[in-house]
Amino acid sequence: MSDLKTLLRQAAKPVLFLLTFICICAFLANYLTGDETLLEYARNNPELAYGTPGAVEDIQITGSSSDEESRLPQKDSTGPEDSALPEMTPASPTGQTDAAESDTPVTSDRDDAYADIKESIPEESDTMEHHPDRITYKEGFYYEPLTDSMKTRITGISYPESGCTVPYEDLNYVGLKYIDFDGQEQSGELICNKAIAQDMVEIFHELYRNDYRIESVRLIDEYNGDDTASMAENNTSCFNYRVVDGTTSLSKHAYGLAIDINPYYNPYVVFHRNDDGSDYISPPGSEVYADRSQSFAYKIDENDLCYRLFTEHGFTWGGNWNSSKDYQHFQKTIE
């Protein structure tokens, strides 16, 4: 009897194998010749195919079976485009002064890619007056002649009611975007000489695209034309009809041909100017940032992206002056 059981067990093995083989063949025959494709089987039986109900809801069943791989859900491979320039290096306190000038030609290689930057900025007010001659460089970066409302806004503050030797027609309003110290996208505004308006939108677009941090970009008029107050708030500004600090000479800012970037961290320093022979440093409170041998955030030096962009556009840097240093300051000479 035991021999018979052993014989039956041995005979059953090939029979079970044959039955399994027949079932597999039948399934394959149905898949290859039937109406239900593999993707349809997955859709109809998600628990069996993927282990999660509804996991294939987004699969598109179109085309021939040879296109199935391209129709399967793919991992998103999109991301920020590579920047043509490296990320910025931080900078240092502000200052104001004017000196050496350069006629270096503007040469800069740029691509049109935007960095992948945060949320979009608030839309301009529908009531804001636009000049018909506005020139848009990139979305959010434009310049235009001063509108009547803008003239009213600055007259008596950055633009004297009388005695100003710079006509309104020499100035442009610049709208731009920038990334603040919290990494948030902000809208900013400048008034500059029309001769450097194109430089402004190109430079600030590159700074924006490379996530360069600027704390504030507001008209000096919001500080009642007080440059020291603007610097103390680390505000980046351009046009202000005023003299060089401590002199009776008109500043390049008076012509809209100079700009101060992150001024609190890039102060204005005049060596041995104080009565006791010590250095004069402005704005007050920024003295620690006058030591450029130290490493700190928002410090402008010759390795900084801001320095590189402005000098490429023919600007000179106040940090290269001799008897004084204006680390925040870039200016350009126009013939």
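Attention here is on the structure that accompanies the text. (Residues numbered from 1 in each chain as written. Predicted model: local features only at pLDDT ≥ 70, side-chain atom pairs only at ≥ 80, totals over all residues. Heavy atoms only, no water.)

### Thoughts on helix α6 (residues 197-209)
1) Next: Its 13 residues place the ends of α6 18 Å apart at the C-alpha level, agreeing with the 18 Å of an ideal helix rising 1.5 Å per residue.
2) Next: One or two positions beyond α6, positive phi appears at aspartate 211, with a value near 60 degrees. (Helix = DSSP H or I, 4+ residues; strand = E, 2+ residues; numbered from the N terminus. Expected span 1.5 Å × (residues − 1).)

### Thoughts on unusual backbone geometry
1) Next: For the peptide bond that leads from serine 282 to proline 283, omega is 5 degrees, which places it in the cis range.
2) Next: Looking at the secondary structure, you find proline 283 in the loop between β9 (280-282) and α8 (305-312).
3) Next: Not every positive phi belongs to a glycine, and asparagine 224 is a case in point at roughly 60 degrees.
4) Next: Tracing the sequence through the fold places asparagine 224 in the loop between β5 (216-217) and α7 (227-232).
5) Next: Given the relative accessible area of 63%, asparagine 224 is considered exposed.
6) Next: One non-glycine residue, tyrosine 298, lies in the positive phi region at around 65 degrees. (Buried < 20%, exposed > 50% of the residue type's maximum accessible area, 1.4 Å probe, protein only.)

### Some words on the packing of α6 against α8
Working note: a packed helix pair is described by the angle between its axes plus the distance between those axes.
1) Next: Packing of α6 against α8 brings their axes to within 10 Å, and their N-to-C directions diverge by 155 degrees. On the basis of the axis angle, α6 is roughly antiparallel to α8. In the packing of α6 onto α8, the handedness of the crossing is right-handed. For the pair α6 and α8, the contacting residues are Met200, Ile203, Phe204, Glu206 and Leu207 in the first and Leu305, Cys306, Leu309 and Phe310 in the second.
2) Next: Of the residues that constitute the contact of α6 with α8, the class distribution is 8 nonpolar, no polar and 1 charged. (Axes fitted to C-alpha atoms, helices over the stretch in contact; angles between N-to-C directions. Parallel < 35°, antiparallel > 145°, perpendicular 65-115°, else oblique. Left-handed = near helix turned anticlockwise from the far one by under 90°. Contact = heavy atoms within 4.5 Å. Nonpolar A, V, L, I, M, F, W, Y, C, P; charged D, E, K, R; others polar.)

Distances and angles like these do not, on their own, reveal function.
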